Amino acid sequence: MLEKNAEYQVTIDNFGANGEGVAHLDGVAVFVPYALPAEKVKIKIVKVKSSFAFGKLLEVVVPSESRREAVCPVFYKCGGCNAQHIKYGEQLKIKSQTVADCLRKIAGIDVTVPLTVPCENEYRYRNKLQLPVRHTAKGNVIGFFREGTHDVVPIDDCLIQKKWCFSLIQAVKLYIESGVDCYDEEKNKGYLKHVVAREVGGNLIVVIVVTENKVKNIDCFIDVLKRSFPSFSLFVNYNPRGDNVVFGKEFRLVYGEEKTVVAVNGINMPMGPESFMQVNDEMRDAIYERVEKLIGSNGGTAVIDAYSGAGFLTALLAKNAAHAYGIECVKEAVDCADKLASDNGVSDKITNICGKCEEVLPDLVKKLSREFESVSVVLDPPRKGCDSSVLFALLDAKPQKIVYISCNPSSLARDLGILTGKLFYYGNELKKSQIVNGEYEIDFIQPFDMFPNTKHVETLVLLKRRIEN
Ligand SMILES: C[S@@+](CC[C@H](N)C(=O)[O-])C[C@H]1O[C@@H](n2cnc3c(N)ncnc32)[C@H](O)[C@@H]1O
């Protein structure tokens, strides 16, 4: 029987789903963050549950060949990234293995997953930064949440962020020093709560999230930002809620342009503070290029871009299709997508629909199947994956190709299981089926390293209808 605070020396057997090492003690799986398979490590048990436990890594006694020194000074404290201690080539192998394991364990799909496509920049690749600002007993802090907590680990820079991260943090510190009070989570009091920034085509879109519906010392912040950033837009977002949701509904522009236009692959893309954009420009372009190739060119095909964000991919897909339909639930992103279509002279080939995919897609895919020679669908859902009604509608309408872009191997496995007939619902429960020839089969699968030095991976999949159908 494992006891909290007991110390052991163990050998790590394999990786857990969240990238931690897993050892077995008395038949109980013990999850040890930062430990690697085959390593001998000293651990302290920090949490014991009925069938598993968590251990804290105290010392690496015999290191894995895959281990390296993490370069960030706060790597083991902060929850921003979690794989810096693994050699980069090994990270790519682990990510491919994670995708293959999820598909096999969750959906019973056995498929060879090729090596994850590397990112040229292992560091300094993120174009989006989100920093909590807090008032604590130790004073005001800006940084990242320690994983699984709301303790802010103070930082001056972050190596996976673009270089402007350092200058922005300095600017926020000067703004705070000008007399702005920071949010105290315990008392649910204090003005400045978060700073969110994103670089789009050389312009920095900065949002300060505040708890009172007013601006404070904003000219001072604008002045300090001007010293470091030649081009920026500044928004104040009012969010009085005490929960984990970062943005409130209202964005007030206090400096710069409302929308930032960026040119990518010959398409001008207007972005606002709320529009979703992939965090890694290099890998985004590589994935979109591949999506275009997978969908192919057919003047008689209608393409549905489900979960379409600001509509950039929709516009790319429209180039080679009869018509492209974007479905996105955030109104601001849909407005951007409409502007994108008109700025690029492709409005007549694009319809952007503001709504939830689960409500819009079922009727749309049926209607388009009647009206067009063929239909292809791109799915790019958030981490939780697709609503089952979306998947059932696809199984019903049977579009020719389905391209799935996923940032979560677990929800990807579940959704592919349903689309390939390997999983079926028995009441509310998903069960593995014995069906060998489902409606769709995986024709192409490729992970991309959108998030180097973290446990996360982006996976691109092409599903094709089986020939005999
Ligand atoms: C992973 S992003 C993909 C965005 C876009 N395809 C891109 O590459 O920039 C997922 C998008 O789905 C939107 N979204 C989330 N749930 C949705 C739903 N149920 N229906 C429609 N859109 C949704 C989000 O607002 C977000 O823009």
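Residues numbered from 1 in each chain as written. Predicted model: local features only at pLDDT ≥ 70, side-chain atom pairs only at ≥ 80, totals over all residues.

Helix and strand content of the chain: nine helices and 24 strands. For 469 residues, the compact-globule estimate of 2.2 N^0.38 gives 23 Å, and the chain sits close to it at 24 Å. Put simply, the chain has 469 residues, and 44% of those count as buried. (Helix = DSSP H or I, 4+ residues; strand = E, 2+ residues; numbered from the N terminus. Rg over C-alpha atoms; globule rule 2.2 N^0.38 Å. Buried ≥ 20, exposed ≤ 12 C-beta atoms within 10 Å, placed from the backbone.)

Another aspect to go through is the sheet that holds strand β11 (residues 203–210). With mixed pairing, seven strands are arranged side by side in an open sheet as β9-β8-β7-β10-β11-β12-β13. Of all the strands in the sheet, just β9 (152–154) and β13 (250–255) have a single pairing partner and so form its edges. Taking each pair of neighbouring strands and ignoring which way they run, the sheet shows an average axis angle of 35°. Across the sheet, helix α3 (residues 218–228) lies against β11, β12 (232–238) and β13, angled at about 150° from β12, the strand it touches most. (Pairing = 2+ DSSP bridges. Axes fitted to C-alpha atoms, helices over the stretch in contact; angles between N-to-C directions. Contact = placed C-beta atoms within 7 Å.)

By nearness alone, 18 residues border the ligand, and Phe276, Tyr307, Gly309, Cys329 and Asp380 come closest of all. Where the shell around the ligand is concerned, the elements lending two or more residues are β17 (321–328) and α7 (357–371). Class assignment for the residues of the shell around the ligand results in eleven nonpolar, three polar and four charged. (Near = placed C-beta within 6 Å. Nonpolar A, V, L, I, M, F, W, Y, C, P; charged D, E, K, R; others polar.)

For Val261, the location among the structural elements is in strand β14 (residues 260–264). Residue classification places Val261 among the partly exposed positions, given that 16 C-beta atoms sit within 10 Å. A sequence separation of 60 residues divides Val261 from Gly201, and the C-alpha atoms of the two residues are 7.3 Å apart. Setting aside residues no more than four positions away along its own chain, Val261 makes contact with Gly201, Asn268, Met269 and Pro270.

In terms of nonpolar packing, the biggest core is built from 132 residues, with Ile304, Ala306, Leu361 and Val365 touching the most fellow members. If near-sequence neighbours (up to four positions away) are discounted, Leu361 is found in contact with Ile304, Ala306, Ile327, Val390 and Ala393. (Core = buried A, V, L, I, M, F, W, Y, C linked by C-beta atoms within 7 Å.)

A separate point is the pairing of strand β24 (residues 458–465). With six of its eight residues buried, β24 lies for the most part within the structure. Here six bridges tie strand β20 (residues 401–406) to β24, and the two strands are oriented antiparallel to one another. By the bridge assignment, Ile405 is partnered in β24 with Leu460. Relative to β24, strand β23 (residues 440–448) runs antiparallel, the two sharing eight bridges. Looking at the pairing, Gln446 lines up with Leu460 of β24.

As a further point, take the packing of α7 against helix α8 (residues 388–397). The geometry of α7 relative to α8 is characterised by a closest axis approach of 8 Å and an angle of 10° between their N-to-C directions. The angle between α7 and α8 places the two elements in the roughly parallel class. Within the contact between the two elements, α7 uses Cys357, Glu358, Leu361, Pro362, Val365, Lys366 and Ser369 and α8 uses Ser389, Val390, Ala393, Leu394 and Ala397. Considering only residue class, the contact of α7 with α8 consists of eight nonpolar, two polar and two charged. (Parallel < 35°, antiparallel > 145°, perpendicular 65-115°, else oblique.)

Glancing now at the domain arrangement of the chain. According to the domain assignment, the chain contains domain 1 (7–67), domain 2 (128–263) and domain 3 (278–465). Of note, the centres of domain 1 and domain 3, computed from C-alpha atoms alone, are 38 Å apart. (Domains from an automatic or database assignment.)

Put simply, helix α2 (residues 164–177) and α3 touch, their axes get as near as 9 Å, and they point 155° apart. Compared by their axis directions, α2 and α3 come out roughly antiparallel. Considering the relative orientation of α2 and α3, their crossing is right-handed. Together, Ser167, Ala171, Leu174 and Tyr175 of α2 and Cys220, Phe221, Val224, Leu225 and Ser228 of α3 make up the contact between the two elements. (Left-handed = near helix turned anticlockwise from the far one by under 90°.)

Once that is clear, we can look at unusual backbone geometry. Of note in the backbone geometry, Asn5 takes a positive phi value of approximately 75° without being a glycine. By the element assignment, Asn5 lies in the segment before β1 (7–11). Look at Asn5 and you get exposed, because 9 C-beta atoms sit within 10 Å. Phi at Asn453 is positive, roughly 70°, even though this residue is not glycine.

Turning next to the sheet that holds strand β2 (residues 14–15). Reading across from one edge, β1-β5-β6-β4-β3-β2 is the order of the six strands in this open sheet, with mixed pairing throughout. Two strands in the sheet have a free side with no partner beyond their single neighbour: β1 and β2.

Moving on to the pairing of strand β16 (residues 298–306). Across six bridges, β16 lies against β17 in parallel orientation. Counted as the bridge partner of Asp305 is Gly326 from β17. Handedness of the β-α-β unit built from β16, helix α5 (residues 312–318) and β17 comes out right-handed. Relative to strand β19 (residues 374–379), β16 runs parallel, the two being bridged by six bridges. In the strand pairing of β19, Val303 is matched with Ser376. (Right-handed = clockwise from strand over helix to strand, strands pointing away.)

Bringing helix α1 (residues 88–107) into the picture now. Two residues of an α-helix separated by three or four positions point the same way, owing to the 3.6 residues in each turn. Here α1 contains 20 residues, and its C-alpha end-to-end distance of 28 Å stays within 8% of the 28 Å for a straight helix at 1.5 Å per residue. Restricting attention to buried positions, one finds in α1 the residues Gln91, Leu92, Ile94, Lys95, Ser96, Thr98, Val99, Ala100, Cys102, Leu103, Ile106 and Ala107. (Expected span 1.5 Å × (residues − 1).)

Here we come to helix α9 (residues 409–419). In terms of burial, α9 is a largely internal element, nine of the eleven residues being buried. Listed in full, the buried residues belonging to α9 are Pro409, Leu412, Ala413, Arg414, Asp415, Leu416, Gly417, Ile418 and Leu419. Positive phi appears at Gly421, one or two residues downstream of α9, with a value of about 80°.

Among the secondary structure elements, Ser275 is positioned in the loop between β15 (267–271) and α4 (281–295). Using a count of 26 C-beta atoms within 10 Å as the deciding quantity, one classes Ser275 as buried. C-alpha separation for the pair Ser275 and Lys331, spaced 56 residues apart in sequence, amounts to 9.1 Å. Residues contacting Ser275, with those up to four places away along its chain left out, are Gly309, Ala310, Glu332, Ala333 and Cys336.

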